[in-house]
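The residues making up each chain are set out below.
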2 protein chains.
Amino acid sequence: MYYIIVYDVEEKRVNKVCKLLRRYLHWVQNSVFEGELSEGKLAELKFKLSQIIDPEVDSVIIYTLWGKWKGREVIGLNKNPVDSLI
Amino acid sequence: MYYIIVYDVEEKRVNKVCKLLRRYLHWVQNSVFEGELSEGKLAELKFKLSQIIDPEVDSVIIYTLWGKWKGREVIGLNKNPVDSLI
């Protein structure tokens, strides 16, 4: 399935969250990842995320999409062009 | 149509971008908005965004979805519960 993951975590945990997500999805922009994942891999990722973040202050949102997005448009700088996404 | 908009802009422009987006969509988390918009309203929003950001350094990504997302899951703090979204 296709996912967009956004996160808003305290500074001291940003690198760890970012490093973990890079192993599963494509970095798109600060605090934003997207890509295809199996449900098993997503479950694994969610478990690891829950081990890193502080649920009292940090927030991670996982959007499950109906297939890939219908459109993706960038205004301004394209920090990670989609065509570089597998 | 349903949209998720994420942005990564220089500090001095964050408030302006956030204030503009609040007039069209629902704030979900820092730098993340979502919601339903007509294509006309989206075109209007995009024009206004392009007047604010510096395209050389700022990045705004507009995801157009096939209807609303299939799923939305929060790990940690839910900064703007979905049920408060119209």
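Here, every reference points to the structure presented above.
We now turn to the structure provided with this report. This is a predicted model, so every value here is computed, not measured.

What counts as what
- Residues numbered from 1 in each chain as written.
- Chains lettered and ligands numbered in written order.
- Predicted model: local features only at pLDDT ≥ 70, side-chain atom pairs only at ≥ 80, totals over all residues.
- Heavy atoms only, no water.
- Helix = DSSP H or I, 4+ residues; strand = E, 2+ residues; numbered from the N terminus.
- Rg over C-alpha atoms; globule rule 2.2 N^0.38 Å.
- Contact = heavy atoms within 4.5 Å.
- Areas by Shrake-Rupley, 256 points an atom, 1.4 Å probe, with all protein chains shown as cover.
- Lys, Arg positive; Asp, Glu negative; His and termini not counted.
- Charge placed at Lys NZ, Arg CZ, Asp CG, Glu CD.
- Buried < 20%, exposed > 50% of the residue type's maximum accessible area, 1.4 Å probe, protein only.
- Pairing = 2+ DSSP bridges.
- Least-squares fit on C-alpha atoms with pLDDT ≥ 70 in both.
- Buried area = accessible area lost by both parts, 1.4 Å probe.
- Salt bridge = Lys/Arg side-chain N within 4 Å of Asp/Glu carboxyl O.
- Polar contact = N/O pair within 3.5 Å; in protein donor to acceptor, adjacent residues only side chain to side chain.
- Nonpolar A, V, L, I, M, F, W, Y, C, P; charged D, E, K, R; others polar.

1. Examining the overall build of chain A
Here's step 1: Each helix and strand in chain A was counted, giving 2 helices and 5 strands.
Here's step 2: The N-to-C order of helical and strand elements in chain A reads β-α-β-β-α-β-β.
Here's step 3: At 13 Å, chain A has a C-alpha radius of gyration in line with the 12 Å of a compact globule built from 86 residues.
Here's step 4: In terms of its C-alpha atoms, chain A occupies a principal-axis envelope of roughly 35 × 30 × 20 Å.
Here's step 5: Put simply, 70% of the contacts in chain A that link residues at least 6 apart link residues at least 24 apart.
Here's step 6: When the accessible surface of chain A is summed, it comes to about 4400 Å², and 51% of that surface belongs to carbon and sulfur atoms.
Here's step 7: Looking at chain A, you have 13 positive and 12 negative side-chain charges, and the mean spots of the two groups are 5 Å apart.

2. Let's talk about the pairing of strand E3 (residues 32-36) of chain B
Residue and element names in this part refer to chain B.
Here's step 1: When you tally the buried positions in E3, you get 4 out of 5 residues, the bulk of the element.
Here's step 2: Relative to E3, strand E1 (residues 2-8) is paired through 5 bridges, and the arrangement is antiparallel. Directly across from Ile-5, in E3, lies its bridge partner Phe-33.
Here's step 3: The pairing of strand E2 (residues 26-29) with E3 spans 3 bridges and is antiparallel. Bridged to Trp-27 within E3 is Phe-33.
Here's step 4: The antiparallel hairpin formed by E2 and E3 contains 2 residues in its connecting segment, where Ser-31 sits at a positive phi of about 70°.

3. Observations concerning the relation of the copies chain A and chain B
Here's step 1: The two copies are related by a screw operation: chain A maps onto chain B through 180° of rotation and 0.0 Å of translation along the axis, at an RMSD of 0.0 Å. Put plainly, the chains are arranged around a two-fold axis. Minimal C-alpha distance to the rotation axis in chain A is attained by Trp66(A), lying at 3.3 Å.

4. Considerations on the interface of chain A and chain B
Interfaces are frequently sized by the accessible area removed from exposure as the parts join.
Here's step 1: Each partner contributes to the interface: chain A provides 37 residues, whereas chain B provides 37 residues.
Here's step 2: Here chain A packs against chain B, burying approximately 3400 Å² in sum over the two surfaces, 57% of which is carbon and sulfur.
Here's step 3: The interface formed by chain A and chain B contains 4 salt bridges.
Here's step 4: There are 28 residue pairs in polar contact (both at pLDDT 80 or more) connecting chain A and chain B.
Here's step 5: Among the secondary structure elements, those contributing two or more residues to the side of chain A that touches chain B are strand E1 (2-8), strand E2 (26-29), strand E3 (32-36), helix H2 (39-52), strand E4 (59-65) and strand E5 (71-76) of chain A.
Here's step 6: It is E4(A) that contributes the most residues to the side of chain A that touches chain B, 7 residues altogether.
Here's step 7: Looking at side-chain class alone, the side of chain A that touches chain B contains 20 nonpolar, 7 polar and 10 charged residues.

Geometric values such as these leave the question of function open.
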